[in-house]
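Spelled out, the chains give:
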Amino acid sequence: TEHRLRCRRWFEMWWAYPIQNPTAGKMFSTAVLMGHAGGGKGLVGNMVRLAVYGRHFHEITQVDLNGHFNGSWIGDTSLVMGSEITGKGGPDKRNTSEFLKHLITGDDAQIRIKYVPEYYIANLINLYFTTNYGDSFFLDDDDRRYFCWEIPNITLKETLGQEWIDGAVRYAQSPKGKAALHYHLLTLPIDEGIFNPKGEPPDTNAKQFAKEYSQNAAQQWIQEFYDDPASKFSCHGTKQTVWRVEDVFDLFHSQNEGYTRNGFLKHWRERFVCVGRSEVAVPELKKRKKKTGLWVRKPDLSSGDVRFPTLEQVKREFEQQRNHKEAAPKYASRSAPEPKN
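Only a predicted model underlies this, so the values are computations on that prediction, with no experimental measurement involved.

A. The packing of helix α2 (residues 41-53) against helix α8 (residues 175-187), seen in detail. Interhelical geometry of α2 versus α8 gives an angle of 85 degrees and a closest axis separation of 8 Å. When the axes of α2 and α8 are compared, the pair comes out roughly perpendicular. For the pair formed by α2 and α8, the contact residues are M47, V48, L50, A51 and V52 on the first element and K178, L181, H182 and L185 on the second. A per-class count over the contact of α2 with α8 returns seven nonpolar, one polar and one charged.

B. Spotlight on the pairing of strand β1 (residues 30-34). Counting buried positions along β1 yields five of five residues, so the element is predominantly enclosed. Side chains T30, V32 and M34 project from β1 onto one buried face, and the interleaved A31 and L33 project onto a second face that is buried too. For β1 and strand β7 (residues 146-150), the ladder comprises five bridges, and the chain directions are parallel. Across the sheet, residue M34 finds its bridge partner in β7, namely E150. Strand direction decides the pairing type here: β1 and strand β6 (residues 126-131), joined by four bridges, are parallel. Looking across to β6, one finds that M34 is bridged to T131.

C. Fine view of the layout of surface pockets. As a volume, the largest pocket reaches approximately 1000 Å³. Of all the elements in the fold, those that place two or more residues in the lining of the largest pocket are α1 (2-20), α2, β7, α6 (156-160), α7 (162-173) and α8. For the lining of the largest pocket, the element with the highest residue contribution is α2, accounting for seven residues. Along the lines of polarity and charge, the residues of the lining of the largest pocket split into 23 nonpolar, four polar and six charged.

D. Region of the structure containing the confidence of the model for the protein chain. Residue-level pLDDT values for the protein chain average 84, and 86% of them are 70 or greater. Looking at the elements of the protein chain, mean pLDDT is at its lowest for strand β9 (residues 287-297), recorded as 79, and at its highest for α8, recorded as 97. Here residues 325-341 is modelled with pLDDT under 50, and outside its nearest four sequence neighbours on either side it reaches 20 contacts, counting other chains as well.

E. Structural view of the sheet that holds β6. Judged by pairing direction, the sheet is parallel, and its five strands sit side by side in the order β2-β3-β6-β1-β7 without closing on themselves. Taken across any chain shown, the strands that pair with only one partner, and hence form the sheet edges, are β2 (57-60) and β7. Sheet twist, expressed as the mean angle between neighbouring strand axes with direction ignored, is 15 degrees.

F. Quick look at the environment of W15. Topologically, W15 is positioned in helix α1. You can call W15 buried: its relative accessible area is 5%. Along the primary structure W15 and G45 are separated by 30 residues, whereas in three dimensions their C-alpha atoms are 9.4 Å apart. When near neighbours in sequence (up to four residues on either side) are disregarded, W15 contacts V44, G45, V48, L79, Y128 and L185.

G. Representation of the packing of helix α11 (residues 245-255) against helix α12 (residues 261-271) in the model. Closest axis-to-axis distance for the α11/α12 pair is 11 Å, and the angle between their directions is 115 degrees. Of the possible angle classes, the one that applies to α11 and α12 is roughly perpendicular. Pair α11 / α12 crosses with right-handed handedness. Facing α11, whose interface residues are V245, E246, V248, F249 and F252, α12 presents R261, F264, L265 and W268. By residue class, the composition of the contact of α11 with α12 is seven nonpolar, no polar and two charged.

Rules of the game
Position numbers for residues count from 1 along each chain, tracking the sequence in the order it is written. Where local features are concerned, this predicted model is filtered to residues with pLDDT of at least 70; where side-chain atom pairs are given and counted, the filter is 80 or more; whole-chain, interface and lining totals use all residues. With hydrogens and water stripped out, all remaining heavy atoms of the structure feed into the side-chain values. Axes here refer to lines fitted to C-alpha atoms; in helices the fit is confined to the stretch in contact. Angles between the N-to-C directions go from 0 to 180 degrees. Put simply, DSSP marks the helices as runs of H or I at least four residues long and the strands as runs of E at least two long, and each gets a number from the N terminus on. The cut-offs work like this: below 35 degrees is roughly parallel, past 145 is roughly antiparallel, 65 to 115 is roughly perpendicular, and the gaps in between are oblique. We call two residues contacting when some pair of their heavy atoms lies within 4.5 Å. When residues are sorted by character, Ala, Val, Leu, Ile, Met, Phe, Trp, Tyr, Cys and Pro go into the nonpolar class, Asp, Glu, Lys and Arg into the charged class, and all the rest, Gly among them, into the polar class. Whether a residue is buried, partly exposed or exposed follows from its accessible area with a 1.4 Å probe, protein chains only, as a fraction of its type maximum: under 20%, in between, or over 50%, in that order. DSSP-based pairing: two strands are paired if at least 2 bridges between them are found. Residues are said to line a cavity or pocket when one of their atoms sits within 4 Å of a point; the points come from a 1 Å grid over protein atoms alone, cavities being sets where a 1.4 Å probe fits but cannot get out and pockets being open sets with protein on both sides within 12 Å along at least five of seven lines. Grid points are joined across faces, edges and corners, and a volume is the space filled by probe spheres set on the points. pLDDT: the predictor's confidence for each residue, scored from 0 to 100. Two helices cross in a left-handed way if the nearer one is turned anticlockwise from the farther one by less than a right angle. They cross in a right-handed way if the turn is clockwise.

Structure follows, in structure tokens:
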């Protein structure tokens, strides 16, 4: 398809750009190939290593990412290949993610060597990762750094045979093979409409899966609520647009008892904003609750519409929702009471 072709071209240009522009600085993206062992993910990186980078290429594993000392693979390096990254076994996947964010786009890199004081160097490193798992990286919902592609679930040996693999490796190691790949990357046209070294990589299904896996239960639930409130919460016979966080948290907590309200609120604020606090009717409590917060969804900034309703408008809308004649039970997930005999 057109999207697949565009992704392939972007991936190829990602390899070619720093070779054609060695003084342009680092790229603000990293490439990740995901899929079962034997699919050729590491072969790609090693062929480029042989043709271009030599001793300025370092291959690392998950152990290196989790380790405290990094001088052996960050210093004097232009390209780092993280092989078979698992995302497991580390003390905190989020901490590793924050470290990689800075390494991908930061201006400097901290060097940590045993018995040597920490120091910084200019960060000119580009990173390429291979992994067997689609959940190896912790990606924020608005991530702009990672290009993720899932390779077919079949090995090169099954599709092309061991003889082809051995021949490809011999050619990649030969002077003629190195020169051919180097020349290809040096002369590959860079289409600015597809590839921007400081821009966002194309989105893929593999990246969407990684984002979904990176979210915890609260983030996933809130994102689903943001996209379609009616799927979670009674909308009282109309399209509800204003909520009290107390009501929403009660519903969430009834299904996810392990979460605290403060933990829920941290993620709630990523998608919703409190327009203000006001005295509103709360029929479930059979009284008026003073100064309750009234929350609305954050606008989609990409649409260009950044208008917010006023507190008075929100309060009026909230009261209309609460007093609707066809009001449903408080929570749509709760079953109706059994009729009395």
